[in-house]
Amino acid sequence: MQVTLCVDAIETQLTGIGRYTWELCRRLAERREISGLQFYSRRRLIDDPGRLLRGEPIYPGRLLRRIVRQMQAKRALRSTLVHGPNFFLPEGTRAGVITVHDLSVLRFPEMHPPARLQQFERRLSESIVRAAHVITDTETVRLEVIAEFSLDPRQVTAVPLGVDSSFQPKAQDELAPALRPWALSAGGYGLCVATLEPRKKIAELLRAWRDLPSGLRDAFPLVLAGGAGWRNEELLRQIAQGEDEGWLRYLGFVDERRLPHLYAGAALFAYPSIYEGFGLPPLEAMASGTPVMVSNRSCLPEVCGEAGGYFDPDDVEGMTKAIDKALTDRDWRQAARARGLEQARKFTWDRLVDATVAVYRAAWDAR
């Protein structure tokens with residue numbers, strides 16, 4: 001079976017979908033069921049998707065090479081199994097699988113930029129119609145996709161994401177030098193890793209943290225990490241105010257090589273998102289041995305299970321009380337840490353690839 005994987009989601013600052021795509025790139029070629037693996041980006045085949053990750057030109061200075069790869073791409077879309085891991089299938093695909101990570105654009109259109117809405121309106125339904133099979137990250141989203149597009153349940157498979165082995169508990173002597181450039185101490189801060197976009201409910205988290213008792217807030221400042229996102233002008237103003245008041249640190253996007261230490265050093269990980277397709281940051285936090293307190297919405301209870309503490313993301317007062325209890329109850333944090341490590345062991349990238357290849361085989365045989 002020959003597979004063409006679309007890799008446009010890979011970029012220097014990996015989002016969850018970019019991470020998912022990169023793990024497929026790394027692991028699919030090792031599977032004996034796949035006799036050939038090609039990578040498709042920007043209407044042509046590319047030799048090394050790692051160049052996208054490193055921000056390098058795909059074919060530097062080679063016009064003829066680009067033209068040849070464009071011609072080869074058209075043949076690949078007609079003759080191989082094509083996987084669109086970022087919602088859409090390229091035009092010209094004859095046998096394809098897509099991954100629909102979430103339906104946030106349909107559920108919360110007011111929380112997305114107009115250009116993104118237009119893209120989904122134009123391409124998502126059309127890709128689902130042409131796809132031989134649809135993959136989702138969770139059973140929660142699987143049921144949403146089946147209902148939204150009136151699909152045969154046998155056509156949609158939930159394949160949970162994985163967590164990298166770099167996310168694990170760290171010793172104090174390893175954490176201290178890693179956290180020093182940020183002026184952070186292990187066990188001395190709360191953490192949220194999220195893109196600054198409306199559905200992540202970061203503004204509500206800031207209000208809840210500001211309302212903590214001043215002594216507790218001083219002992220555990222909130223550290224916020226993540227990409228710039230969109231529709232966040234007011235949120236950025238609130239972030240600046242929190243930094244001025246001294247209880248908030250905004251780090252922006254944190255390189256994946258430094259992120260495991262940031263997770264492992266936190267006393268608590270908070271994630272107030274109102275809607276997710278999976279929620280990779282809470283899983284990475286649990287694997288790092290950090291207790292998690294997350295929203296009770298969407299698929300987060302499915303992913304975090306009994307390991308997570310939960311709050312209503314629209315109830316700021318209730319969120320404050322939940323965070324207060326989590327930070328002051330050492331017994332709860334120790335129990336949550338143990339449950340989180342056990343829960344995180346259920347999710348691996350190898351299991352994801354095994355299940356994905358099984359979907360490929362079924363789609364290829366039915367083409």
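Residues numbered from 1 in each chain as written. Predicted model: local features only at pLDDT ≥ 70, side-chain atom pairs only at ≥ 80, totals over all residues. Heavy atoms only, no water.

With that out of the way, let us pick up a nonpolar patch on the surface. Together, Leu 63, Ile 67 and Met 71 give the surface a local cluster of nonpolar side chains, amounting to about 290 Å² of exposed area. Residue Ile 67 is classed as partly exposed on the basis of its relative accessible area, which comes to 37%. (Patch = residues over 30% accessible without salt bridge, like charges linked within 9 Å, V, L, I, M, F, W, Y side chains within 5 Å. Areas by Shrake-Rupley, 256 points an atom, 1.4 Å probe, with all protein chains shown as cover. Salt bridge = Lys/Arg side-chain N within 4 Å of Asp/Glu carboxyl O. Buried < 20%, exposed > 50% of the residue type's maximum accessible area, 1.4 Å probe, protein only.)

On to the sheet that holds strand E4 (residues 81–84). Taken in spatial order, the seven strands of this open sheet run E3-E2-E1-E4-E5-E6-E7, and their pairing is mixed. Bordering the open sheet on either side are strand E3 (44–46) and strand E7 (156–158), each of which pairs with just one other strand. Across the sheet, the mean angle separating the axes of adjacent strands is 30° when strand polarity is ignored. The sheet contact formed by strand E6 (residues 133–136) and E7 spans three bridges and is parallel. From the neighbouring strand, Ile 135 faces E7, where its bridge partner is Thr 157. Packed on one face of the sheet, helix H1 (residues 16–28) meets strand E1 (2–6), strand E2 (36–41), E4, strand E5 (95–99) and E6 and runs near 155° to E1. (Pairing = 2+ DSSP bridges. Helix = DSSP H or I, 4+ residues; strand = E, 2+ residues; numbered from the N terminus. Axes fitted to C-alpha atoms, helices over the stretch in contact; angles between N-to-C directions. Contact = heavy atoms within 4.5 Å.)

With that settled, consider a positive patch on the surface. On the surface, a cluster of positive charge is contributed by Lys 74, Arg 75, Arg 78 and Arg 94. On the secondary structure map, Arg 75 appears in helix H3 (residues 63–79). With relative accessibility at 43%, the residue Arg 75 sits in the partly exposed group. (Lys, Arg positive; Asp, Glu negative; His and termini not counted. Charge placed at Lys NZ, Arg CZ, Asp CG, Glu CD.)

Turning next to the pairing of E6. The alternating pattern of E6 places His 133 and Ile 135 and Val 134 and Thr 136 on opposite faces, both of which are buried. Pairing geometry for E5 and E6, over three bridges, is parallel. Bridge pairing in E6 places Ile 98 opposite Val 134.

Here the focus is the sheet that holds strand E13 (residues 309–311). If you walk across this open sheet you meet the six strands as E10-E9-E8-E11-E12-E13, and the pairing is parallel. Whereas interior strands pair on both sides, the edge strands pair on one side only; in this sheet they are strand E10 (248–252) and E13. Across the sheet, the mean angle separating the axes of adjacent strands is 25° when strand polarity is ignored. Sheet analysis places strand E8 (residues 190–193) next to strand E9 (residues 222–225), joined by four bridges and oriented parallel. Of the residues in E9, the one forming a bridge with Cys 192 is Leu 224. Relative to the sheet, helix H10 (residues 233–245) contacts E9 and E10, its axis offset from that of E10 by approximately 125°. The sheet contacts of helix H14 (residues 316–328) involve strand E11 (268–271), strand E12 (292–295) and E13, and relative to E11 the element is tilted by about 165°.

Scope: geometric values only; no functional claims are made or implied.
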